[in-house]
Amino acid sequence: MILSAGLRPACYASIRELLDADVLGQPGCLILDVRMPGGSGLDLQQNLAQSGNLKPIIFLTGHGDIPMTVQAMKAGAVDFLTKPARDQTLLDAVLAGIKTDSARRAEAMVVKRNLERLARLTRREREVLRELARGRLNKQIAFDLSLSEVTVKLHRGNVMRKMEAANIGELIRAWETLPASTREAGMT
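Conventions adopted
- Residues numbered from 1 in each chain as written.
- Predicted model: local features only at pLDDT ≥ 70, side-chain atom pairs only at ≥ 80, totals over all residues.
- Heavy atoms only, no water.
- Disulfide = S-S within 2.5 Å.
- Buried < 20%, exposed > 50% of the residue type's maximum accessible area, 1.4 Å probe, protein only.
- Helix = DSSP H or I, 4+ residues; strand = E, 2+ residues; numbered from the N terminus.
- Polar contact = N/O pair within 3.5 Å; in protein donor to acceptor, adjacent residues only side chain to side chain.
- Contact = heavy atoms within 4.5 Å.
- Salt bridge = Lys/Arg side-chain N within 4 Å of Asp/Glu carboxyl O.

With respect to the state of the cysteines
No. 1: Per the stated rule, a full pass over the model turns up zero disulfides.
No. 2: Here C11 stays free of any disulfide, with the sulfur of C29 as its closest cysteine sulfur at 12 Å.
No. 3: With relative accessibility at 73%, the residue C11 sits in the exposed group.

Notes on the side chain of N114
No. 1: Within the fold, N114 resides in helix α4 (residues 87-119).
No. 2: On the basis of relative accessibility, which here comes to 1%, the residue N114 falls in the buried class.
No. 3: Reaching out from N114, the side chain makes a polar contact with the side chain of T177 at a distance of 2.8 Å.
No. 4: Setting aside residues no more than four positions away along its own chain, N114 makes contact with M163, A174, T177 and L178.

Quick look at the pattern of salt bridges
No. 1: In total, this model carries 13 salt bridges according to the counting rule given.
No. 2: Close ionic contact of E127 with R124 constitutes a salt bridge, the shortest N to O distance being 2.8 Å. Residue E127 and its partner R124 are both found in helix α5 (residues 123-133); the two are separated by three residues, about one turn of the helix.
No. 3: If you follow the salt bridges from partner to partner, you end up with E131, R134, R136 and D144 in one network.

Set out below in structure tokens:
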């Protein structure tokens with residue numbers, strides 16, 4: 001069924017085999033059972049999340065109950081299906097998982113690009129950027145940072161160029177993609 005949808009599935013006999021295959025960094029999603037050779041699918045989901053791998057997961061099981069379903073869904077599962085599941089239901093879940101993974105990857109690329117651009121800024125340019133993102137005017141930033149307004153304008157121009165922003169809206173959108181800890185510190 002998965003092949004007929006034009007997708008390239010890969011099967012693994014155990015959690016260990018999956019982890020050894022080094023495929024978790026590739027685009028896609030996982031279809032897991034609650035009970036699997038080498039451990040629980042729920043435990044794998046938790047371990048992946050703790051390691052920062054947010055690979056979309058679909059549970060397909062004949063051993064599920066409501067607490068398991070709730071646990072899996074709260075931990076971010078795309079779906080929790082019981083066997084036998086309708087082919088279209090499973091395929092829809094897989095396509096939703098792939099779409100989720102694609103969106104996360106695209107977002108991660110934007111964040112990475114903006115962090116790289118932020119790294120080009122001097123400490124003072126980062127301070128100016130942080131204040132611009134707060135909606136502050138040049139004269140307010142100048143006062144707060146004990147600079148002249150002309151100096152703030154120069155820093156602002158450098159920030160726009162280094163962040164590759166055509167206008168203040170693009171600059172603020174780039175700022176908002178950065179991790180909260182980076183925005184709060186104004187540094188990488």
